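So you can see what is in the structure, the chains are spelled out below.
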Amino acid sequence: MNFSRKNPTKTDSWKKLSEHYEQLKKVHLYDMFADNPDREIQMSVAFGDFFVDFSKNRWTSETVKLFSDLARELNLKESISLFFKENKLNFTENRAVLHTALRSSEDEIIVNGENIVPQIKSVNTKIQKFTQKIISGTQKGYTGKAFTDIVNVGIGGSSLGPKVVCNALKHYKNHLNTHYVSNIDGDELEEILQLVNPETTLFVIVSKSFTTSETLQNANSIKNWFLKQAPNSAVKQHFIAVSANSNKVNDFGIDSDNIFPMWDWVGGRFSLWSAVGISVALSIGYDNFRALLKGAEKVDRHFKLASFSENIPVLMAFTSVWYSNFFSTTQHAIIPYSYYLEDFVPYLKQSFMESNGKCVDRNGETITYKTGSVLFGGVGSNAQHAFMQLFHQGTSLISTDFIGFCNSLHGNNEHQDVLMANMFAQAKALAFGTKGKKVENPYKQFKGNSPSTTLLIKKLSPENLGALLAIYEHKIFVEGLLLNINSFDQFGVELGKELSRSYINSLKDSSYKESLGMQFYKNNK
Ligand code: F6P
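Residues numbered from 1 in each chain as written. Predicted model: local features only at pLDDT ≥ 70, side-chain atom pairs only at ≥ 80, totals over all residues. Heavy atoms only, no water.

1. Observations concerning the nonpolar core
1) Next: Counting residues in hydrophobic clusters, the biggest one holds 122 residues, and the most contacted among them are Trp-265, Trp-322, Phe-344, Ile-403, Tyr-472 and Phe-477.
2) Next: The element best represented in this core is helix 18 (residues 462–482), accounting for 12 residues.
3) Next: Here this core gathers at least three residues from each of two domains, domain 1 (20–85 + 306–436 + 445–486) and domain 2 (102–288).
4) Next: One finds Phe-203, Phe-210, Phe-252 and Ile-259 within the second-largest nonpolar core, a separate group that totals 23 residues. (Core = buried A, V, L, I, M, F, W, Y, C linked by side-chain atoms within 4.5 Å. Buried < 20%, exposed > 50% of the residue type's maximum accessible area, 1.4 Å probe, protein only. Helix = DSSP H or I, 4+ residues; strand = E, 2+ residues; numbered from the N terminus. Domains from an automatic or database assignment.)

This is the structure in structure tokens:
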């Protein structure tokens, strides 16, 4: 058995879904609820500390059944099993996709004839020992002072994953302050370097390939800045690297002892569970880092075992394909009602859009249906006062995920109630609008019928955050499988990188003026 390569639009189930859509497209959520008072009970899934309400989606149990048929036609169940074993899912790069192994408690996972579990365990032990020494202050900087700051230097998956977790779990942090430098923008670097003292700062250079130009240039500039005050011998104490390319790390001047390896079978945007998450382990301690992994593993189990109609990532992927390919909307919003999840949307933007923004299918054919959606959003209730007008009264359909927590981490229940009241109100206003009410003024009418899924979680803990991230990771996988694309390569980012390299040289040549924009730039810098 291998992953299906079927064009989903050529299946029987897709045809049935198209017919079903014709019957359902004009039905208002208001009427769906009026016709079936048990809709919420029937269309919600409880899992651990999670309660996920799918009832405000523009679908019925028949839609879920037809999507489950489609999933069966495309071998989803078997593909989920393969996803947790040796596979060549990323076939365009001839790589396995096995980030789930990083959080697995299984004793044996074979890749290329080798059991990878011992390697994972050994790197985890190295992370554990190292983070304990830095947090406790037993490992010190070159002047004998304990570390106070961590600077993670990396971009894309080598920054967004650890950054979202670190900031989301700020409540659990220790005395270390963690910063993330990603952009090549020198102003960003300068602002961060102004916050830290070289004597007490640990620099973590994170790059799977160790060839990413932004990361290497930032790392070199940081090293030069550091060496203005510290001796060469101090680099060993203050620079560590996370990479799959130890030769390049050595070339940069970081000792082999200071390399935390990662592997070919971990994709960048799915790498926070590996040593890429070392800044997280430093910030919240190794035990909390393990709890994050444990939460993700619980979702892995749910994903493997639950039937499609009870399977949270699978149902979320169904809604996604439903809206993009049948309702023809390519806009999906994520609105978490938590200050701590400020970085959640930027993180998901990479993971979804880099994964499923593809126009060639698994057979090399040009795709004629919709693949990835434009993902955007921001935290509530701020979002309500910023861009949600468009959801309520704009002319295009936007589907939304709301994410909320039953408890505030600081125990401010009064505010939490108001925050959550806002979240429930938004989901209701989007679903029902002013339908059924007499509103004379057309400017004050709300059309409703805007779909949403609500994820309610008891508390923002490391374990629950790990679970939440894994739910979205698996949603990407299912969506990619249903749409017959490879979600795990990212060739689309290469052309821009190549062109920027040729521009870098051209910008140094004062006589070279390719465009008016370049002339303006050169004349004004
Ligand atoms: O350019 C895209 C990308 O390859 C991402 O997929 C990845 O997360 C990021 O760059 C960083 O790559 P690396 O970890 O190799 O520096």
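2. Some words on the pattern of salt bridges
1) Next: Inspection of every chain in the model, using the stated rule, returns 21 salt bridges.
2) Next: A salt bridge links Glu-199 to Lys-145; the shortest N-O distance between them is 3.0 Å. Within this pair, whereas Glu-199 is found in the loop between helix 8 (186–193) and strand 7 (201–206), its partner Lys-145 is found in the loop between helix 6 (117–136) and strand 5 (149–153), the two being separated by 54 residues in sequence.
3) Next: Relative accessible area serves as the criterion here: at 39%, Lys-145 is assigned to the partly exposed category.
4) Next: Salt bridges linked by common partners bring Lys-65, Asp-69 and Arg-72 together as one network. (Salt bridge = Lys/Arg side-chain N within 4 Å of Asp/Glu carboxyl O.)

3. Quick look at a nonpolar patch on the surface
1) Next: Residues Leu-495, Leu-499, Tyr-503, Leu-507 and Tyr-521 make up a contiguous nonpolar surface patch of about 460 Å² in total accessible area.
2) Next: With four residues, the top contributor of residues to the nonpolar patch is helix 19 (residues 494–508).
3) Next: The residue Tyr-503 is located in helix 19 in this model.
4) Next: Taking the relative accessible area as the measure of exposure, Tyr-503 reaches 32% and is therefore partly exposed. (Patch = residues over 30% accessible without salt bridge, like charges linked within 9 Å, V, L, I, M, F, W, Y side chains within 5 Å. Areas by Shrake-Rupley, 256 points an atom, 1.4 Å probe, with all protein chains shown as cover.)

4. Some thoughts on the pairing of strand 5
1) Next: Burial of strand 5 is extensive: five of the five residues sit out of reach of the surface.
2) Next: Neither face of strand 5 is left uncovered, since the one carrying Asp-149, Val-151 and Val-153 and the one carrying Ile-150 and Asn-152 both have all their residues buried.
3) Next: Pairing geometry for strand 5 and strand 6 (residues 177–181), over five bridges, is parallel. Residue pairing across strands places Val-153 opposite Val-181, the latter belonging to strand 6.
4) Next: By the bridge criterion, five bridges tie strand 5 to strand 7 in an arrangement that is parallel. Each bridged residue has a counterpart across the sheet, and for Asn-152 the counterpart in strand 7 is Val-204. (Pairing = 2+ DSSP bridges.)

5. So, the site of the ligand
1) Next: Residues in close proximity to the ligand total 14 residues, the closest being Ser-158, Ser-207, Ser-209, Thr-212 and Glu-354.
2) Next: In this structure, Gln-350 approaches the ligand through a side-chain N or O atom, which is 3.3 Å from an oxygen atom.
3) Next: About the coverage of the ligand: the protein hides 88% of its 390 Å² of free accessible area.
4) Next: Taken atom by atom, the bulk of the ligand overlaps the largest pocket.
5) Next: Class assignment of the residues belonging to the shell around the ligand gives a composition of two nonpolar, nine polar and three charged. (Near = heavy atom within 4 Å. Polar contact = N/O pair within 3.5 Å; in protein donor to acceptor, adjacent residues only side chain to side chain. 1 Å grid on protein atoms, 1.4 Å probe; cavity = no way out; pocket = protein on both sides within 12 Å on 5 of 7 lines; lining within 4 Å. Sits in = over half its atoms within 2 Å of the grid points. Nonpolar A, V, L, I, M, F, W, Y, C, P; charged D, E, K, R; others polar.)

6. Observations regarding the layout of surface pockets
1) Next: Taken as a whole, the largest pocket spans an internal volume of roughly 1,400 Å³.
2) Next: Residue lining of the largest pocket: 45 residues in total, with Ile-155, Ser-209, Thr-212, Glu-214 and Lys-497 positioned closest to the centre.
3) Next: Contributions of two or more residues to the lining of the largest pocket are made by helix 9 (213–227), helix 15 (344–356) and helix 19.
4) Next: A total of seven residues in the lining of the largest pocket trace back to one element, the largest contributor, which is helix 19.
5) Next: Broken down by class, the residue content of the lining of the largest pocket amounts to 15 nonpolar, 18 polar and 12 charged.
6) Next: Both domains that meet at the lining of the largest pocket, namely domain 2 (102–288) and domain 3 (494–523), each give it at least three residues.
7) Next: Computed from the structure, the second largest pocket encloses a volume of approximately 380 Å³.
8) Next: Lining the second largest pocket are 20 residues, with Tyr-337, Ser-338, Tyr-339, Gln-416 and Leu-419 positioned closest to its centre. (Points joined across faces, edges and corners; volume = space filled by probe spheres on them.)

7. Some remarks on the domain arrangement of the protein
One frequent convention defines the size of an interface as the accessible area lost when the parts assemble.
1) Next: With domains assigned, the protein is organised as domain 1 (20–85 + 306–436 + 445–486), domain 2 (102–288) and domain 3 (494–523).
2) Next: Of the roughly 2,000 Å² buried between domain 1 and domain 2 on both sides combined, carbon and sulfur atoms contribute 63%.
3) Next: Across the domain 1-domain 2 interface, the total number found is two salt bridges.
4) Next: Of the charged contacts in the structure, one is a salt bridge between Glu-473 and Arg-103, with a shortest N-O distance of 2.9 Å.
5) Next: In this structure, the connection of domain 1 to domain 2 is made through eight residue pairs in polar contact (both at pLDDT 80 or more).
6) Next: The set of elements that each furnish at least two residues to the side of domain 1 that touches domain 2 consists of helix 15 and helix 18. (Buried area = accessible area lost by both parts, 1.4 Å probe.)

8. Description of empty space enclosed by the protein
Rolled over the atoms, a probe with the dimensions of a water molecule shows which regions are left empty.
1) Next: Considering all chains together, one arrives at three cavities of 30 Å³ or more under this definition.
2) Next: What lines the largest cavity is a set of 18 residues, and nearest its centre among them are Thr-319, Ser-320, Tyr-323, His-332 and Ser-399.
3) Next: Mapped onto the lining of the largest cavity, the elements with two or more residues apiece are helix 14 (312–325), strand 10 (331–336), strand 12 (399–405) and strand 13 (452–457).
4) Next: Sort the elements by how many residues they give to the lining of the largest cavity and helix 14 lands first, with five residues.
5) Next: The space that makes up the second largest cavity amounts to roughly 70 Å³.
6) Next: Taken together, Ser-320, His-332, Phe-352, Asn-356, Gly-372, Ser-373, Leu-375, Lys-475 and Glu-479 make up the lining of the second largest cavity.
7) Next: Class assignment of the residues belonging to the lining of the second largest cavity gives a composition of two nonpolar, five polar and two charged.

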